[in-house]
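Descriptive analysis of the structure
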Amino acid sequence: MPRTRVTLLAVLLAATADARIYLNVSGDITLGALFPIHRKGSDGENCGMIQLEDGIQPLEAMLYTLQQINRDPSILPGIKLGALVFDSCDNPNYALEQALYFVKGFIAHVNTYHEQEFYCSDGSAPKFLAGGFDKVVAVLAAQSSSVTIQVAAMLRLFLMPQISYMATSPSLSSKEKFPHFFRTVPSDVNQAHAMLEILRQFKWTYVSIVYSDTEYGNHGYETLVSLASNYSVCFSAPQRIDNEQYTDEDYNNVIRTISNKTDVKVVVLFAEKSTTLKVLEAARRLGVGSRFVWIGSDAWPTLNHGELIDDRSHENPSNFGKLEPEELTVLEGALAVQPLSRRMSGFDDYFTNLTLDHESINPWFREFWEDYHNCDRRYKFPIRDNQGDEASFSTERAIGPEDYSCRNSRLKINEKSGYKQQRFLHFVRDAVYAVAYALHDLHRVKCGENFTGICHEMNHIDGDTISAYLSNVSFNDEGGKKFRFVHNVDGPPRYSVLNYQKNLDGTYQWLVIGNYTQDETGKPVLHIDPESMKFRGHVKGGRSSFPNSTCALPCERHQITVRERLDACCWKCRNCGLYQWKADEHRCEDCDWGTRPTLDKTVCDAIPEEFIDYSSPWAVAAMAVASCGILVTVFVLSVFWIYSETPIIKASGRELSCLLLLGTLVSFLMTFAVVARPDTATCTVTRFGIGLCYTLCYAALVTKTNRIHRIFNNMTHSPHKPRYTSPNSQLIITGMLTLVEVLINAIWLSQVPPSVTHNYPTRDTRIRMCRGLDDHSFMVGLSYPFLLIIICTVYAVKTRKCPEGFNETRYIAFTNYTTIILWLAFVPVYVVSTSNAIRVVTLTLSLSLSGLVQLACLFFPKVYIVLLKPEKNTKELVMAQHRSSSYLAAPATPVVVLNENGLKSYVKGSDSSIKTSRKDSSSLNIWKIKPILKDQTITSAALAKDTLKNFQVRTM
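Quick look at the structure, then. None of these values were measured; they are calculated from a predicted model.

Glancing now at the overall build of the protein chain. Scanning the protein chain from N- to C-terminus turns up 24 helices and 31 strands. Here the protein chain holds 956 residues, and 51% of them are scored as buried. For the protein chain, the proportion of contacts with a sequence separation of at least 24, taken over those separated by at least 6, is 70%.

In structure tokens, the structure reads:
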């Protein structure tokens, strides 16, 4: 056998050298258990006085439940459940020592049934304490969370299932830390909600808290503080107590701090029972116990004045019967939250029929019996019988087997002698039944449905196997409701609210005044009967009997609290600003631009969008103007189409004029895109179309004026026809000029994609508009059309002396000047204005007015001649020389041409395509007129024929 294994075994056996008292009920399968039979000791002692209610009663509840199960043939038929129980003394370190017995039994179990590492001298497997401990399949432990956590941390290493009947610490819910832990009570997270809901219903917003420096106390405090703001509760001067190190003076200082530095009337105690007793004793010593309403956690709803009396009488028996009435009122009126209280059926009959002979099973029962009946003492105490009479016995007798005082047949356990069933015993019952039903499910799987007794497959049971069956166990609890572990670890969240009251006969008791349970929707709800609760010193109950505990009135929902410097729980209420919202209970934050706070200041809502759409009166007016422009444009276009073969229409350039009309039509149509509700589509059309419509118009005008300039400027320098003067060429040139604008807009849209944005000219205004139109970037699309306007103006000036049919200088110049003036007026108004309606209408009217000016200046004169003055729509008048023309010099005498039809005179400068020299005006340049005449369908061949037949007469 390896040396290390021998050493380990020696250590474990040495640990058992100090024989301890424990309860042993034999059985085929054994349940281990740890109960706080005694209180935690002081002054270095592990254990203190015996606990009559919290120690003996849960132990007997387990024994009673085992009897019920062993007598029930429907559960584990032919199998007897046994028990091995140790006293934890509510002391984590001492409980760990006791739990080692179960660990040693587990090691012996593994050594026997799995991998044998230890051997006896005869080669057999060693047995720990005659082999009873290797049958333990689960451990019921413990009552307090601090003890439970310590034991669970050790048992998890050996895969031993553990079930607690009262430990409520939230950390125990972690399956990662404690994979084999279960409990029949809910977590303290639910308890914290219940306690805070009580504070809220009673409108106690100014509260202090005392908690123990243990796993149970620290987790409870952290949970309460983290949830307090949700219930408008503030904990002032929290006090943490070191259970191990604190003396009576330290406890006094805790009470002094709360009473001197705060004005609270309510104190929450989140600590184990032993710590709570010392806090209440300190309050009694300082005479301030009656000032506070104590609210306790589930660790001490069984606390009563008897225990306070027992503590003092134990220290000094002469104090018995000398307690002042005010000292007995420390706990009166207290409230407590406890996992749902319920009586365990049948237990009262079982427990009240126990006699001292029960000590053969329960090794602590004699101590309980003596303490309960105050017998076998060296001091003279009364012996209470079941009729309430008193007897006495000698105080000088030695305690021994011959002492018969505790075996008096009149000694009974009943209500008259002070017995009362603890309200949490049904959780012990549920814990035992959970293991029993898990074993029953395992028995059915391993042995079969009708098998009686233990089959070979159940000769040994591993801990992880029982844990798996416990996770899925289901049975009816004491109230007949289905019990299952929540999340495979916790009991269902159900609590009772208790009030410690004084009865008419002067006795005290915990009275259930309400509960905290789930409603039909699964939401936890607090129910309290206000008439059943009562505070100290009041005969009648009700909420009015309890004091108020608040430092300041609750603020309105839209207000924040500004803390006082001396006490963080006291505050003043302050309103948030006009454009601020309530971020939390203590802070206001500004709403974003475009939003304003709601009436309750809880959130910021978006300000309704402002934009122009087709239903707006401004949009209707703008569309009416645009519609008129569209109708006029269509009318002009139809005139040009119908009279396209007339000289005046031909002279104006039909193709370019149609293109110009198309650009004008787009200008009017843009109004409908601009006034539409801004979205990605309308924004794209608006940004692309504003510059495009101007480009179409002025690209056509630039091409037209450039063509005329090149034709008439070329006649004096070259006998050849100018290039690119045909209609197709002109359209190509116009298209190329327009393509530049298309490229500019395409790059602009790619760099700044069209989208909807919002503008906030004021805090209460939220304008919906297209991105790119909310700043000066829209000038990108108009820069190129402005350049075309300048070029067009230059060419218009250069062609101002062309023949009348070709001379549009004045009209083009007026159009350009008007357009520039319109835009010079539009841009400042658009940029400066904060009204979206004015900006949109200004833009649409600028587009429409520009189109109307183009129609009026460039097309109305021609339409007027075509429709109203057809006599002027002739080739001769179209070719008439302008008075200021320099293309044909004015001769000194009139020119007369005589042809076969008679005498016909051409006045001075009548042919603007014939440019003669002052030195030689006798010759007529027939060839240089051909290009323009050909384009205007006045053929040069016809003119040459007429010219050759005529002669020129010059008047000298």
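Past the structure itself, the notes keep going.
A separate point is unusual backbone geometry. With an omega dihedral of -5°, the bond running from Ala141 to Ala142 counts as a cis peptide bond. Summarising the element assignment, Ala142 is placed in the loop between β6 (136-140) and α4 (145-155). The backbone of Ala237 sits at a positive phi, close to 50°, despite the residue not being glycine. Counting through the fold element by element, Ala237 comes out in strand β10 (residues 234-241).

All right, on to the environment of Ser144 then. Looking at the secondary structure, you find Ser144 in the loop between β6 and α4. Spatially, the C-alpha atoms of Ser144 and Tyr165 are 9.3 Å apart, while their sequence positions differ by 21 residues. Sequence-distant contacts of Ser144, defined by excluding residues within four places in its chain, comprise Asp90, Ala167 and Glu272. Of note is the side chain of Ser144, whose polar atom sits 2.8 Å from the side chain of Asp90.

Considering all chains together, one arrives at 22 salt bridges under this definition. Between Glu370 and Arg366 there is a salt bridge; the shortest N-O distance is 3.4 Å. Taken together, the positions of Glu370 and Arg366, both in helix α11 (residues 365-373) and four residues apart, correspond to about one turn of that helix. On the basis of relative accessibility, which here comes to 17%, the residue Glu370 falls in the buried class. Ionic pairing is found between Glu589 and Arg587, a salt bridge with its closest N-O pair at 2.0 Å. A relative accessible area of 32% means that Glu589 is categorised as partly exposed. Judged by relative accessible area, Arg587 falls into the partly exposed class, the value being 38%. One network of salt bridges, in which partners are shared, links Asp357, Glu359, Arg366, Glu370 and Arg407.

Position of Thr205 relative to the elements: it lies in the loop between α5 (188-201) and β9 (206-212). Take Thr205: its relative accessible area is 11%, and that puts it in the buried class. One polar contact links Thr205 to Thr550, side chain to side chain, over a distance of 3.0 Å. In contact with Thr205, other than residues within four places in its own chain, are Ser232, Val233, Cys234, Ser549, Thr550, Ala552 and Trp571.

A few words now on the state of the cysteines. Going through the model one piece at a time under the given rule, you end up with nine disulfides. Two residues, Cys576 and Cys588, share a disulfide whose sulfurs are 1.9 Å apart. Taking the sign of the S-S torsion, about -70° here, the bridge from Cys576 to Cys588 comes out left-handed. Pair noted here: Cys576 is in the loop between β22 (571-575) and β23 (580-584) and Cys588 is in strand β24 (residues 587-590), with a separation of 12 residues, a long-range link. On the accessibility criterion, Cys576 (9% relative accessible area) is buried.

Attention shifts here to the packing of α5 against helix α6 (residues 215-228). For the pair α5 and α6, the least separation of the axes is 9 Å and the interaxial angle reads 50°. Comparing the axis directions of α5 and α6 gives the class oblique. Two packed elements cross with a definite hand, and for α5 against α6 that hand is right-handed. On α6, the residues touching Asp188, Val189, Gln191, Ala192, His193, Met195 and Leu196 of α5 are Tyr216, Thr223, Leu224, Leu227 and Ala228. Classifying every residue of the contact of α5 with α6 by side-chain character gives eight nonpolar, three polar and one charged.

So, about the sheet that holds strand β12 (residues 293-296). Strand order in the open sheet formed by eight strands is β10-β9-β11-β12-β13-β18-β19-β20, with mixed pairing between adjacent strands. Only two strands of the sheet have a single partner each, and these edge strands are β10 and β20 (524-528). Mean inter-strand twist for the sheet, computed between neighbouring axes without regard to direction, equals 25°. Across the face of the sheet, helix α7 (residues 248-261) comes into contact with β9, β10, β11 (266-270) and β12 while running at roughly 170° to β10.

Ranked by size, the top nonpolar core spans 69 residues in total, and within it Phe35, Met62, Leu81, Phe347, Phe351, Phe368 and Leu439 carry the most contacts. Secondary structure elements with two or more residues in this core: β2 (29-35), α2 (52-71), β5 (81-87), β6, α10 (347-352), α11, α12 (425-447) and α13 (463-471). Here this core gets 13 residues from one element, more than from any other, and that element is α12. Once residues within four sequence positions are removed from consideration, Phe368 is found in contact with Ile50, Leu52, Ile56, Phe351 and Ile413. Grouped together as the second largest cluster of nonpolar side chains are 49 residues, Cys693, Met769, Tyr830 and Val863 included.

A separate point is the sheet that holds strand β1 (residues 23-25). Ordered by their spatial adjacency, six strands build an open sheet running β1-β5-β2-β6-β7-β8, and the pairing between neighbours is mixed. At either margin of the open sheet sits one strand with a lone partner, and together these are β1 and β8 (181-183). Ignoring which end each strand starts from, the neighbouring axes of this sheet average 20° apart. As judged from the three bridges shared by β1 and β5, these two strands associate in the antiparallel manner. For Asn24, the partnering residue across the bridge sits in β5 and is Leu84.

Attention now goes to the packing of aromatic side chains. Overall, the coordinates contain 35 aromatic pairs when judged by the stated rule. For the ring pair Phe86 and Phe133, a centre distance of 6.0 Å and an interplane angle of 40° mean the geometry is tilted. Placement of Phe86 in strand β5 and of Phe133 in the loop between α3 (92-113) and β6 is noted, with a sequence separation of 47 residues between them. Considered together, Phe86 and Phe133 belong to a single accessibility category, that of buried residues. Here the aromatic rings of Tyr211 and Tyr221 are separated by 4.1 Å at their centres, their planes lie at 5°, and the arrangement is stacked. Of the two residues, Tyr211 is situated in strand β9 and Tyr221 in helix α6; the sequence distance between them amounts to 10 residues. A single burial state applies to Tyr211 and to Tyr221, both of which are buried. Ring pairing ties together the aromatic residues Tyr64, Phe347, Tyr350, Phe351, Phe365, Phe368, Trp369, Tyr372 and Tyr419, which thus form one cluster.

Definitions and cut-offs
- Residues numbered from 1 in each chain as written.
- Predicted model: local features only at pLDDT ≥ 70, side-chain atom pairs only at ≥ 80, totals over all residues.
- Heavy atoms only, no water.
- Helix = DSSP H or I, 4+ residues; strand = E, 2+ residues; numbered from the N terminus.
- Buried < 20%, exposed > 50% of the residue type's maximum accessible area, 1.4 Å probe, protein only.
- Contact = heavy atoms within 4.5 Å.
- Polar contact = N/O pair within 3.5 Å; in protein donor to acceptor, adjacent residues only side chain to side chain.
- Salt bridge = Lys/Arg side-chain N within 4 Å of Asp/Glu carboxyl O.
- Disulfide = S-S within 2.5 Å.
- Axes fitted to C-alpha atoms, helices over the stretch in contact; angles between N-to-C directions.
- Parallel < 35°, antiparallel > 145°, perpendicular 65-115°, else oblique.
- Left-handed = near helix turned anticlockwise from the far one by under 90°.
- Nonpolar A, V, L, I, M, F, W, Y, C, P; charged D, E, K, R; others polar.
- Pairing = 2+ DSSP bridges.
- Core = buried A, V, L, I, M, F, W, Y, C linked by side-chain atoms within 4.5 Å.
- Phe/Tyr/Trp six-rings, centres within 6.5 Å; stacked < 30°, edge-to-face > 60°.

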